Amino acid sequence: MIHFLQQLQPAPLLPVLQEIGQKKEILVDGWDVYFCDDEPTPNWSSCNLSVGELFLQFLDYYAKFDWQNEVVQIRRAGKLNKTEKRWDD
């Protein structure tokens, strides 16, 4: 659900916390775990979809999702494919 709301077009309903503010690298066991700890103010007024419309778009989004090549993720706004993630079959 979080991924879908971050990818919603024309304007996402949820921000990607790793892409907000001034990024500083925080490593834990070699992994960058940075996220924005300032509370972003969402622009709720830009979305005029009902819950029913959001649900239908949610179903449509995942029905068309490229499960063979893409990864559901919440760390960046764009799409991420399995090759970039180094998830080779």
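Residues numbered from 1 in each chain as written. Predicted model: local features only at pLDDT ≥ 70, side-chain atom pairs only at ≥ 80, totals over all residues. Heavy atoms only, no water.

Engineer: Is there a simple way to explain the environment of asparagine 81 in this structure?
Structural biologist: Mapped onto the fold, asparagine 81 is located in strand E4 (residues 80–81). A sequence separation of 12 residues divides asparagine 81 from asparagine 69, and the C-alpha atoms of the two residues are 5.5 Å apart. Beyond its immediate sequence surroundings of up to four residues, asparagine 81 is in contact with Asn69, Glu70 and Val71. From its side chain, asparagine 81 meets the backbone nitrogen of threonine 83 in a polar contact 3.1 Å long. (Helix = DSSP H or I, 4+ residues; strand = E, 2+ residues; numbered from the N terminus. Contact = heavy atoms within 4.5 Å. Polar contact = N/O pair within 3.5 Å; in protein donor to acceptor, adjacent residues only side chain to side chain.)

Engineer: Can you walk me through helix H2 (residues 51–63) in this structure?
Structural biologist: Quick reminder: α-helices carry 3.6 residues per turn. Residues three or four places apart thus point the same way. With 13 residues, H2 should reach 18 Å at 1.5 Å per residue; the first-to-last C-alpha distance of 18 Å fits that figure. Within the span of H2, buried status applies to Leu54, Tyr61 and Tyr62. Along H2, the residues classed as buried sweep out an arc of 85 degrees about the axis, all on the same side. Relative to its buried face, H2 has exposed residues pointing more than 90 degrees away, namely Leu56 and Ala63. Turning to H2, the residues buried within the fold contact helix H1 (2–7). (Expected span 1.5 Å × (residues − 1). Buried < 20%, exposed > 50% of the residue type's maximum accessible area, 1.4 Å probe, protein only. Arc of directions from axis to C-beta.)

Engineer: Explain the UniProt feature "domain: PAP-associated" (unreviewed entry) in the protein to me, please; I cannot follow it from the model alone.
Structural biologist: Per the UniProt annotation, the sites labelled "domain: PAP-associated" (unreviewed entry) are residues 50–88. Secondary structure content for residues 50–88 is 44% helix and 10% strand, while the C-alpha to C-alpha distance between its ends is 39 Å. (UniProt positions renumbered as here; feature names shortened; annotations may be inferred.)

Engineer: Even after reading the chapter, I still don't get the side chain of histidine 3, so can you show me in this structure?
Structural biologist: Along the chain, the position of histidine 3 falls in helix H1. For histidine 3, a relative accessible area of 3% translates into the label buried. In terms of polar contacts, histidine 3 uses its side chain to reach the side chain of tyrosine 61, at 2.7 Å.

Engineer: Is there a simple way to explain the pattern of salt bridges in this structure?
Structural biologist: Pairing is possible between side chains that carry opposite charge, provided their charged atoms lie close to one another. Under the criterion given, the structure shown has 2 salt bridges. Here aspartate 60 makes a salt bridge to lysine 64, at a shortest N to O gap of 3.3 Å. On the accessibility criterion, aspartate 60 (38% relative accessible area) is partly exposed. We classify lysine 64 as exposed; its relative accessible area is 64%. For the salt bridge of glutamate 70 with lysine 79, the shortest nitrogen-to-oxygen distance reads 3.8 Å. (Salt bridge = Lys/Arg side-chain N within 4 Å of Asp/Glu carboxyl O.)

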